[in-house]
Each structure stands twice: as structure tokens, then as C-alpha cells.
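Residue-level structure breakdown
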Amino acid sequence: MPSLDDLKKRIKSVKSTQKITKAMKMVAAAKLRKAQESAEKGRPYSQKMQNIILNLTKSINDPQNAPKLLVGTGEDKKYLCVVLTADRGLCGGFNSNICKLAKTNFKKILGEGKELNIITVGSKGHDQIKREYGKYLIKKFSFKDKKNISFNEADEVGKEIISLFNQNKFDKCIIFYNNFKNVITQIPQAQQIIPAETKNLKESNDENFSYEFEPEEDEILEDLLPKNISTQVFKALLENAASEQGSRMTAMDNATRNAGDLVDKLTIDYNRSRQASITKELIEIISGAESL
Amino acid sequence: MSDKFTVEIISPDQTISKQEANEVIIPSYEGQMGILNNHIPLITFLRPGVITIKAEGEKKYYVEEGTVEFSNNNLLILTSTARDLANLDNSKIKELLQKAEANLKTQSTDKEKYIASYKLETLKEISQ
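Residues numbered from 1 in each chain as written. Chains lettered and ligands numbered in written order. Predicted model: local features only at pLDDT ≥ 70, side-chain atom pairs only at ≥ 80, totals over all residues.

Side note on the packing of helix α5 (residues 151-166) of chain A against helix α6 (residues 217-290) of chain A
Residues and elements named next belong to chain A. Here α5 crosses α6 at 125°, and the two axes come no closer than 8 Å. Judged on the interaxial angle alone, α6 and α5 are oblique. Crossing geometry of α5 relative to α6 is assigned as right-handed. On the side of α5, the interface is formed by Phe151, Glu153, Ala154, Asp155, Val157, Gly158, Ile161 and Ile162, while α6 contributes Pro226, Ile229, Ser230, Val233, Phe234 and Leu237. For the contact of α5 with α6, the class distribution of residues is 10 nonpolar, two polar and two charged. (Axes fitted to C-alpha atoms, helices over the stretch in contact; angles between N-to-C directions. Helix = DSSP H or I, 4+ residues; strand = E, 2+ residues; numbered from the N terminus. Parallel < 35°, antiparallel > 145°, perpendicular 65-115°, else oblique. Left-handed = near helix turned anticlockwise from the far one by under 90°. Contact = placed C-beta atoms within 7 Å. Nonpolar A, V, L, I, M, F, W, Y, C, P; charged D, E, K, R; others polar.)

This is the structure we're talking about:
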């Protein structure tokens, strides 16, 4: 049984923790609004860009000569995985969820005897993945000092991916990030960006466009494909930023509530043991008086 | 009305405009291009210039680069640099103009020079 003093100290410390988590929740909520807005506003751009690329993929009738970035190298041996996580912790299962998904995929890739390379964006993911898959890590990015994510950061990552591709370092590229659905739900996702994923092709209308190109098709593709990669990375970064804040807000809200419950429980314990000691003293006095 | 089509200008951070239009003139890579209803599917690039959207009124946007797609009577302009000319004041234009001038001198390839010179010209034009 802890003494009265101990209980008092515990209550005080839990209360101050509660204050911190409450403050973090407020900050996350404020940041969330901004991040959510930019994620939602950024969606049309990346979606439309992806659509154009998909339409282009459909219209290609000579896959042999098509740009490699679009149709892939035709092989399936080397994988590049880009894991996008946050730079800060204390946001619930946000980072772990991405890493869990990524690790399952890594296992699968390695299990099939394929080559694996990993790029991490964000220091939290880097730390988690380093433990098990450290030898596959080839590069890490961290935008810790950047307050807002802009297209430049995404472009940096995109350019790295493309330069690795041009050096023939991988055949397929998959990015991992959290898709922001709403404040309490973020869905970890794996998206294949090289070659462009044709899975959703059937959903879009089945018309076969034959586009008029100006300038030539090759030139357009040459410019558009790298841009698309950066755009997809940018989208992932934005979704991630919103998810991070949402996840942190929920986590901190829970922590605040738990701290409140704990304070209540400790207060009851405190009062009870205070009452017990008073009763004990009374009994001692009474029995002392009786014996006189 | 049947002679209209939708125009969307989208940048990475937001949808800048979405409206109906009768005609849109874009500064495509190989020259000015007027787009009307029922144009055939098209993909092209933009060079620096001014996009003019003609509906009831006329709207103009300054762009530096971008990708244009037209399909199903839907004109899609993806650009990160679109600015509404009505909101672009003279000091901002001058700033861009100075940058463009400095930029032109550092370009080495023909393609870069071509783009930079168009940028300069467009800016000069709208600053008048």
C-alpha cells in the first residue's frame, strides 16, 4: 500500500502529463485542419495526372518501344520500396502501421527471392526499418526542418527514384503511405508507381482515346512521366501529413482521457487511505482511553 | 448549351478554376491553340503565356508551364504556376520580369532558351 505522500505525488505527475497531452492534442487539431485542407485540395491534381497517364498507357500499341518508366523494364526481379513516415512520434499507430505494411511486403518480396532496396522518408520509419532491414536501406530523406511540405521536397524524392531507375537499380517501385480518410481512420497503403499501375484501368470508362499529341508522343511522355512520379510522391506526402496530425490528435485525446481516469482512480485511493489512517488513529485513541 | 465545355485549371495545392467556356486559347508548346467544343482528344504542354477562357466574360491566367488534356469535352489544365491576371499586380509582374531576364542569360540549351524567351515576352506584354 503506497503511502499518502506517494499517492499525492503520483496524482500530481499524472495531472501534469495530462496537461501536456491536452496541449499536444490542441496543436495537432490546429495543424490537422491545415494539413487536411491541402491534402484534399491536392487530390484532384494527382488523380487527374494519374488518369492521363492511364489513358496514355491504354493508347500505347507498341509496348516494346514505349518508355520504360511507363511500362516497366518487363522484368520483375528488383524492387524499390519507398516508405513514407513521420518525423515525430507520439501519434498512435501511425508510423507502426505503415512499417507493418511495408515489412509484410518486404518479407514477401524477399521470400520470392527478389532483390530489395529501401528508401525511407521521415526519421521514425527509418528507425523502425533499420532494425530488421538495415542492410537493404540505400537512402533516407528527412524533412524535419521543413514546416510545410511543398512540391520541391516531393520532387527531390521523385528525382532520386528516377535516377535510380535510370541506373537500372530496380524494376518496380512501390510507395507506402497512410491514406487520410478522416480524423480517426487512416489507411496504410501500398501504391505501385513504376510501372504505372494499370489495376484501376477497368474502372475508368472503356473508351479508347487516340490522343493528338503536340509535340511528339515521346517528348510528352518523357516530360510527363517524371512529373507524375513526383506528383504521386507529393500526394503521398500530403496524405501522410494529414494522417499524422489526425492520428496524433486521436492518440492524444485518448491519452488525455486515460490520464483523467487515472487521476480519478488515484484520488479515490488517496481519499480512502486518508480515511483509513484517520479511523486507525481514532481507534487507537479510543482504545487507549478505554484502558485507562 | 451545347457549344460549351468544361475547363478545369488545377494546381498541386488547389483547384484554381472550374467553369464552362465557349472557347479557350492556350499557349501550347508549339504555338497558340484555340480549343472549341468537340475538339479531338489532345495532350500537349504549355509554354509561358496567357490562357484565355471565353464564356460570358473573359478570364485570363498567366502560366509558366503545364500539361493540357482534352477529352470528352473536358479541358484539363494541370499547372503549378497559374495566376489570375486580374489578381496579378504590377510589382509582382516586375519581380517576375526581372527574374526572367536574369534567367534567360543562364540558360544553355535551345529548349531552355526558347522557354525563357517566351516567358520574358509574355511578361513584357502583360506588364503594359
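Things to note about the nonpolar core
Residues and elements named next belong to chain A. In terms of nonpolar packing, the biggest core is built from 48 residues, with Cys81, Val82, Val83, Leu84, Ile175 and Phe176 touching the most fellow members. It is α6 that provides the largest number of residues to this core, a total of 11 residues. For leucine 84, the contacting residues outside a window of four places in its chain are Val121, Gly122, Ile175, Phe176, Tyr177, Ala236, Leu237 and Asn240. (Core = buried A, V, L, I, M, F, W, Y, C linked by C-beta atoms within 7 Å. Buried ≥ 20, exposed ≤ 12 C-beta atoms within 10 Å, placed from the backbone.)

Here we look at the sheet that holds strand β2 (residues 115-121) of chain A
Residue and element names in this part refer to chain A. Ordered by their spatial adjacency, five strands build an open sheet running β3-β2-β1-β4-β5, and the pairing between neighbours is mixed. Either end of the sheet is taken by a strand with one partner, and the two such strands are β3 (137-141) and β5 (186-194). When strand polarity is set aside, the average angle formed by the axes of neighbouring strands in this sheet is 20°. One ladder, built from five bridges, connects strand β1 (residues 78-84) with strand β4 (residues 172-180); its direction is parallel. Each bridged residue has a counterpart across the sheet, and for cysteine 81 the counterpart in β4 is isoleucine 174. (Pairing = 2+ DSSP bridges.)

A look at the interface of chain A and chain B
Tallying the contact residues gives 21 residues for chain A and 21 residues for chain B. Ranked by residues supplied to the side of chain A that touches chain B, first place goes to helix α1 (residues 4-59) of chain A with eight residues. Taken together, the residues of the side of chain A that touches chain B sort by class into 12 nonpolar, four polar and five charged. Sheet analysis places strand β6 (residues 212-214) of chain A next to strand β5 (residues 42-46) of chain B, joined by three bridges and oriented parallel. Paired with phenylalanine 213 of chain A across the two strands is isoleucine 43 of chain B, which belongs to β5 of chain B.

Considerations on the domain arrangement of chain B
Residues and elements named next belong to chain B. The domains assigned to chain B are domain 1 (5-84) and domain 2 (89-127). Centre-to-centre, using C-alpha coordinates, domain 1 lies 21 Å away from domain 2. Contact with domain 1, which involves six residues of that partner, is made by five residues of domain 2. Classifying every residue of the side of domain 1 that touches domain 2 by side-chain character gives three nonpolar, one polar and two charged. (Domains from an automatic or database assignment.)

A word on the packing of helix α1 (residues 90-106) of chain B against helix α2 (residues 110-127) of chain B
Residues and elements named next belong to chain B. Where α1 meets α2, the axes come as close as 9 Å, and the angle between the chain directions of the two elements is 155°. On the basis of the axis angle, α1 is roughly antiparallel to α2. As for how α1 packs across α2, the hand of that crossing is left-handed. Where α1 abuts α2, its residues Asn90, Ile93, Lys94, Leu96, Leu97, Ala100, Glu101, Asn103 and Leu104 lie against Ala116, Ser117, Lys119, Leu120, Leu123, Lys124, Ile126 and Ser127.

Overview of the pairing of strand β3 (residues 23-28) of chain B
Residues and elements named next belong to chain B. Alignment of β3 against strand β4 (residues 31-36), held across six bridges, turns out to be antiparallel. Bridged to glutamate 23 within β4 is leucine 36. Adjacent in sequence and paired antiparallel, β3 and β4 are bridged by two residues. With three bridges connecting them, β3 and strand β6 (residues 49-54) associate as antiparallel partners. What sits directly across from valine 24, in β6, is isoleucine 53.

Some details on the pairing of β4 of chain A
All names here are of chain A. Of all nine residues making up β4, eight are buried, and the element is well covered by its neighbours. Pairing analysis gives eight bridges linking β4 to β5, with the strands arranged antiparallel. In the sheet register, asparagine 178 faces β5, and the bridge partner there is proline 188.

Structural notes on the environment of glutamine 245 of chain A
Residue and element names in this part refer to chain A. Locating glutamine 245 in the fold gives a position in helix α6. Sequence-wise, glutamine 245 and lysine 25 are 220 residues apart; in three dimensions their C-alpha atoms are separated by 9.1 Å. In contact with glutamine 245, not counting residues within four places along its chain, are Ala28, Lys31, Leu32 and Ala35.

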